[in-house]
Structures are given as C-alpha cells and as structure tokens.
Amino acid sequence: PTVRIGDINIHYDNRGTGLSDKPDTLYTIPIMADDAAGLLRYLAIRRAYVFGVSMGGMIAQELVLRHPQMVRRLVLGCTSCGGPQAFLASLEVLAKLIHPPDMPLEEAVRRQWTVLFSPKFLETQQDFLDRLTQRALCHPAPPHTSLRHLMALQRFNTYGRLGMITTPTLVITGADDVIVPPANSLLLATRIYGASLESLTHTGHGFFWEVPEDVAALLHKFCHAS
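Now for a look at the structure at hand.

Procedures and definitions
Residues numbered from 1 in each chain as written. Predicted model: local features only at pLDDT ≥ 70, side-chain atom pairs only at ≥ 80, totals over all residues. Heavy atoms only, no water. Helix = DSSP H or I, 4+ residues; strand = E, 2+ residues; numbered from the N terminus. Expected span 1.5 Å × (residues − 1). Polar contact = N/O pair within 3.5 Å; in protein donor to acceptor, adjacent residues only side chain to side chain. Contact = heavy atoms within 4.5 Å. Phe/Tyr/Trp six-rings, centres within 6.5 Å; stacked < 30°, edge-to-face > 60°. Buried < 20%, exposed > 50% of the residue type's maximum accessible area, 1.4 Å probe, protein only. Lys NZ or Arg CZ within 6 Å of the ring centre and 35° of its normal.

1. Some remarks on helix H1 (residues 29–42)
Between its terminal C-alpha atoms H1 stretches 20 Å, which fits the 20 Å expected from 14 residues at 1.5 Å a residue. Two to three positions downstream of the cap, the backbone nitrogen of Ile31 sits 3.1 Å from a side-chain oxygen, assigning the N-cap of H1 to Thr28. Ala44 sits one or two residues past H1 and shows a positive phi near 60°.

Have a look at this one:
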C-alpha cells in the first residue's frame, strides 16, 4: 500500500511481508487496516491520499471505513469487495499464484508473472521482469504468513458497507486482469457513491508497472481535483 502526504510517498510492508514483523497469529484485513492507521499516527500524518492495490486495496477499503477522517482521497487498484458478490479468478490462474513445495522459489515467482502481466508486457519487458524477480527473492514471505494472508482474503467482505464511503474515490483496473477480474472494479465504482472508474486497455493485474506514466497522470489529476 502507498500513502501520500504533500510531496512525500510512503510505501510500507504489510505484517507478514518484506521487512515487517511476521507473527504467527490471526491476520485479518481490518487488523492490517489498523496497522496502516497506526503507522499514519506514528508519522503524525492526520490525513493522507491512499492508493491500495490488490490486497492493499482491500486494506484501503477497511481503512477508510474504520478511520474515515484519516483518508483525504482514496484510490483502489485491481481489487474487490470480497464476499460472495466478488468475481473470482479461474482455478487455472489461482494455481499459478501458489508456490508448490517442490518448485524452486525463483521458478514459482516467474510463473506468477505469467498471470500478473499482459502478454505484450511479458514479451517485451524481460529485463524489468528479471529485476522484479530478484527483488521478490530478497525478502520472500514465509509459508505461515502466506497462509495467514489467504485466510484474511477469504474472510474479507465490504459489499454491504461500501455505501458508507463518502471519501472521493477513484477505481482503476487493468482491462485484461485475470487475477482480479475488472468486473470487481465496476462493482466497487457502482457501490461507492460518486466513485469514478478508469480501465486501462491492454494491461493486467500489474497495470501500475505496465503503464506507470498513465497511472501517474490519473493519480495527479485525481489528487488535484477540486
């Protein structure tokens, strides 16, 4: 997830990932939203622009619902409301996101790229994918936290509460996203009052890496809107 205050962008690792603590306890999306709120308080940030992608978008939804006064503007990228109303990826796609215990980690990471990005990006951006792979190998999440995250995703559901969000909201999706199908973004934009929806053509779940200039332009326009 990313929060912005003034000209400062803050990127942080959720519990169980990167350099953050990895407790072997129950994880829920509301707990991780409270983590984000605690970080904002620690940094003395009263209100922030929040951009949440995928699971980060779920955390961002809970953040604005639980701590609405802390979110100035909300951007939800390639995410869903969870629950029975969500549109799910196919079993074939989900299988490529799971690391089989007998598969080398690097091979498993590279296999994930095949469903994260559009075919054109996969064909033309091998150098970038190599760098991204090495970055992913630096601090891999241990199996117990990956399981905790999956369990948190299964419990997540904001469908019935989306109408409570009054913060200005922008929803962005990759038009060819097979991990979180674009229908989820349309549902979010429909349920959140006044939300706008942007669908980026020929991009997948990793749209923010595929067309960063377009995403930056959308964020700039949205964050500076009157």
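2. Considering the side chain of His149
Within the secondary structure layout, His149 lies in helix H7 (residues 143–155). Side-chain polar atoms of His149 contact the backbone oxygen of Arg15, separated by 2.9 Å. Leave out the neighbours within four places in its chain, and His149 touches Arg15, Gly16, Thr17, Tyr27, Met32 and Met55.

3. Concerning the packing of aromatic side chains
What characterises a pair of aromatic rings is the spacing of the ring centres plus the angle enclosed by the ring planes. Evaluated as defined, the whole model comprises seven aromatic pairs. A centroid spacing of 4.8 Å and a plane angle of 50° characterise the contact between Phe208 and Trp209, whose relative ring orientation is tilted. For Phe208, a relative accessible area of 24% translates into the label partly exposed. Judged by relative accessible area, Trp209 falls into the partly exposed class, the value being 30%. Members of the aromatic cluster, connected to one another through ring pairs, are Trp113, Phe117, Phe121, Phe128, Phe207, Phe208 and Trp209. Arg73 extends its terminal NZ or CZ atom over the ring of Phe222, reaching a point 5.0 Å from the ring centre. The ring centre of Tyr159 lies 3.9 Å from the NZ or CZ of Arg191, which sits over that ring.

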